[in-house]
Structure formats: structure tokens, C-alpha cells
Amino acid sequence: MTLRFTKGHGTHNDFVLLADTRGDLDLTADLVRRLADRRGGIGGDGVIRLAPTAAVARAGEEVADRVLAEEPDAIWFMDYRNADGSVAQMCGNGVRVFAAFAESLGLADLATGGELALGTRAGVRRVRKEPDGWYAVDMGAWSLPGGAGAAAQGADAQVLVAGWPAPRPALSVDLGNPHTVVALPSLDELAAADLARAPQVEPVPADGTNVELVVPLDERTTGDGASVGRVRMRVHERGVGETQSCGTGACAAALAVRTWARHAAGDVPVPDVWEVEVPGGQVRVRVLADGHVELAGPAELVFTGEVVLP
Ligand SMILES: N[C@@H](CCC[C@H](N)C(=O)O)C(=O)O
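Residues numbered from 1 in each chain as written. Predicted model: local features only at pLDDT ≥ 70, side-chain atom pairs only at ≥ 80, totals over all residues.

**Describing the overall build of the chain**
As a reminder, the rule being used: Runs of E in the DSSP output that reach at least two residues are strands. Runs of H or I that reach at least four are helices, and both are numbered from the N terminus. Three exposure classes are used. Buried residues have 20 or more other C-beta atoms within 10 Å of their own C-beta, exposed residues have 12 or fewer, and partly exposed residues fall in between, all C-beta atoms being placed from the backbone. Any residue pair is listed as a contact if its two C-beta atoms, each placed from the backbone, are within 7 Å.
Across its full length, the chain carries seven helices and 18 strands. Each of the 310 residues in the chain was classed as buried or not, and the buried ones make up 44%. Expressed as a percentage of contacts within the chain between residues at least 6 apart in sequence, the contacts between residues at least 24 apart total 66%.

Encoded structure:
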């Protein structure tokens, strides 16, 4: 049997995309691992199945029922799997690439100012295309699981990266999927960090976490006088390892740095727009007034092919 696929990426966070428009593909963890394998398969940080939201609901995922109740137009669902075969709730770069994939299949038209509402395990996500070709996603509500106490302290966890003499304080941020963000004092330390092994997080998160190492950079001022925050980050993704980018991680990084800046600055306003540099490029994070956060960045489809399944 052969399976058609498309390979795509968002700032080099790369995915194998499968168009399961009838919703009958049995995407087992073993199949995901084989497709994502960089030597024996196609290779990717994750596998994305585009399936009818109704089919995902029929398969027993209650979140798909909630998606359709909230937004009946969200007829397509992003079934996201990490490279190790585990299921993840959300993928920010993946949503943008999913939108580009849906356009390529004729399932969405974003060129004329339209919007694509899609289902994910973290709820409905809405994507629009900007004039420069970037995709902007309303990533929904974010939160600090540690609450106001963690915001005031700047930390509710500790992270130990291999080779560090001691753990460092870290802030948990929820983007529909879990993140733990650690500030480093210099770009040299960021570059030197050993992310080949999974960082140790305390308290140990029940469902694992994605870990972002961040260095806040100087703000820049735009032509109209607005301040834009800047952050550089590296990420170790749950279920994958170090990746070149992570969209939900970029949002978590910007939100953590903004939280730290707010507490350090007292009443001085902090930027709502943040440019996040990742090894694979740059994305933009905008903190919205309604408690949501928006992620914008590129999405590329690279090639299509067929894989032979045993
Ligand atoms: N790369 C993603 C996040 C993918 C899921 C993550 N590894 C998890 O398990 O939560 C992104 O761009 O957000």
C-alpha cells in the first residue's frame, strides 16, 4: 500500500502532512515513528493528519465535538503527533503549515482575506494570511499554571540542562500544550547549552513539557514609535528533542519574558508585540487584549510524494 504525503515546515520545524479527507486513516504511533524517521522514513519533527472534525469526533475524541459546537465551520481538524508517536494538543508552526496545506488541497482560500477556522485538541484556531505571505494564527487563551504567585515570583519550576552546575528557576506557560521557560544571562550560554538530552524539570510535569531557553534582547522601536520586544530562544520539544523552532514555544517565551519584564518594570508599559528568533528563523508574537495570543510566521510546502507501507 502507498500513502501520499506532503513535506512542509514553519521556520524549519518540519512536518509530514497527510490528507485524510475521508477520515479513515489508522495513524498508529508506529506509523508516525516510521514516517518521521529521518533515515528510514521521510523525516520530520511531527506528523500532521488533516481529517474531517466530524470523523475525529466519531472516533471518540470529545474535543472534536466541542470544536464543532463552538465553530461549525471548523470542518477540518489538525491531528498532531510528535515524532516519537505521542499525541500533542497543539502545534503553532504546524497550524500555519496546516493552513498552507489546506490551501494547496483547495480546502481553504486565504488569498482574498478569508479566514480558516480549524479544530485542534486545544480547541478552535483561526488563521489568516498577511499581505507579505505570513500566516497569523489566533492561538487562543494562554495561562500561567502557577497563577499570580508564579507571575510575581517569576518562577514555579526548576530546569537542569546537562552540564549546568545547578538547576535554574523557570516559569510554566500553558498554550494548550505545556511549556517551561528558563531565562539565560547571555547568548553565549544559550549557544552552549546541551539540548541533546532532555532537560530535567522539577516538579516533574505529569504529561511532560516543552522546554524553552531564552535570552531577552534589546527592544526596537518601529517607525510609528511603538516598542517591539525581542527574544532569542532554543527549544527542546516534548516527544521530539531539540528542534529548529516551536510556535507554541515562541509564544511561551514571549509571554514569560513579558511577565518578567512587567514585574521588573512596575508601572512602565511593556511591549505587546515580540519578535522571537529561533535557530530556524523568526516569528512574531502579539499579546491580544482578549487574553489570547497571536503567532505569525512563514509556512512552506517543500515536496510531495508517496511512501510505500509494508
Ligand atoms: N512544534 C510545535 C509543538 C509541537 C508539540 C510539542 N512537541 C508538544 O508535545 O507539546 C509548535 O510549533 O508549537
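**Section: the environment of A108**
Tracing the backbone shows A108 in the loop between α4 (92–104) and β5 (115–120). For the pair A108 and G176, spaced 68 residues apart in sequence, the C-alpha separation works out to 24 Å. Ignoring any residue separated from it by four or fewer positions in sequence, one finds A108 in contact with A99, A102, E103 and L116.

**A look at the site of the ligand**
For the record, the criterion: Using a C-beta atom placed from the backbone for every residue, we mark a residue as near a molecule or strand if that atom lies within 6 Å of it. Under the scheme applied, nonpolar residues are Ala, Val, Leu, Ile, Met, Phe, Trp, Tyr, Cys and Pro; charged residues are Asp, Glu, Lys and Arg; polar residues are all the others, including Gly. A domain assignment, automatic or from a database, supplies the domain bounds used here.
The immediate surroundings of the ligand are formed by 18 residues, with A88, N93, N177, G247 and T248 found nearest. Only α4 and α7 (247–265) provide two or more residues apiece to the shell around the ligand. Broken down by class, the residue content of the shell around the ligand amounts to four nonpolar, twelve polar and two charged. Each of domain 1 (2–141 + 298–308) and domain 2 (147–290) accounts for three or more of the residues forming the shell around the ligand.

**Things to note about the UniProt feature "active site" (unreviewed entry) in the chain**
Definition in use: UniProt positions are given in the numbering used here, feature names are shortened, and annotations may be inferred rather than shown by experiment.
What UniProt calls "active site" (unreviewed entry) maps, in this numbering, to C91 and C246. Annotated residues spanning 156 residues; largest pairwise C-alpha distance 7.6 Å, indicating a single compact cluster. Relative to the helices and strands, C91 resides in the loop between β4 (76–82) and α4. The exposure class of C91 is buried, given the 31 C-beta atoms found within 10 Å.

**Focus on the nonpolar core**
As a rule of thumb, soluble globular proteins bury nonpolar side chains together. Rules: Linking buried Ala, Val, Leu, Ile, Met, Phe, Trp, Tyr and Cys residues through C-beta atoms within 7 Å yields a set, and such a set is a nonpolar core.
If you look at the biggest cluster of nonpolar residues, it comprises 82 residues, and the most contacted ones within it are L50, V214, A250, C251 and A253. The greatest single-element share of this core, amounting to eight residues, is contributed by α7. For this core, the domains that each give at least three residues are domain 1 (2–141 + 298–308) and domain 2 (147–290). Those residues in contact with C251 that lie beyond four places of it in its chain are G92, M139, W142, L175, V285, V293 and L295.

**Focus: the UniProt feature "binding site: substrate" (unreviewed entry) in the chain**
UniProt tags N13, N82, G92, N93, N177, N210, E237, R238, G247 and T248 as "binding site: substrate" (unreviewed entry). Summarising the element assignment, N93 is placed in helix α4. Using a count of 35 C-beta atoms within 10 Å as the deciding quantity, one classes N93 as buried. Sequence-distant contacts of N93, defined by excluding residues within four places in its chain, comprise G10, T11, N13, S245, C246 and G247.

**Focus on helix α1 (residues 29–36)**
Helical geometry: 3.6 residues make up each α-helical turn, so side chains three or four residues apart lie on a common side. To keep it simple, the criterion reads: Arc, as used here, means the arc of the directions from the helix axis to the C-beta atoms.
Considered for burial, the residues of α1 that qualify are V32, L35 and A36. For α1, the buried positions fall inside an angular range of 90° around the axis, keeping them on one side.

**Concerning the domain arrangement of the chain**
By a widespread convention, an interface's size corresponds to the accessible area lost as its parts come together. What the domain assignment lists for the chain is domain 1 (2–141 + 298–308) and domain 2 (147–290). The gap between the C-alpha centroids of domain 1 and domain 2 is 25 Å. Taken together, the contact pairs 20 residues of domain 1 with 19 residues of domain 2. Looking at the side of domain 1 that touches domain 2, the elements with two or more residues in it are α4 and β7 (135–141).

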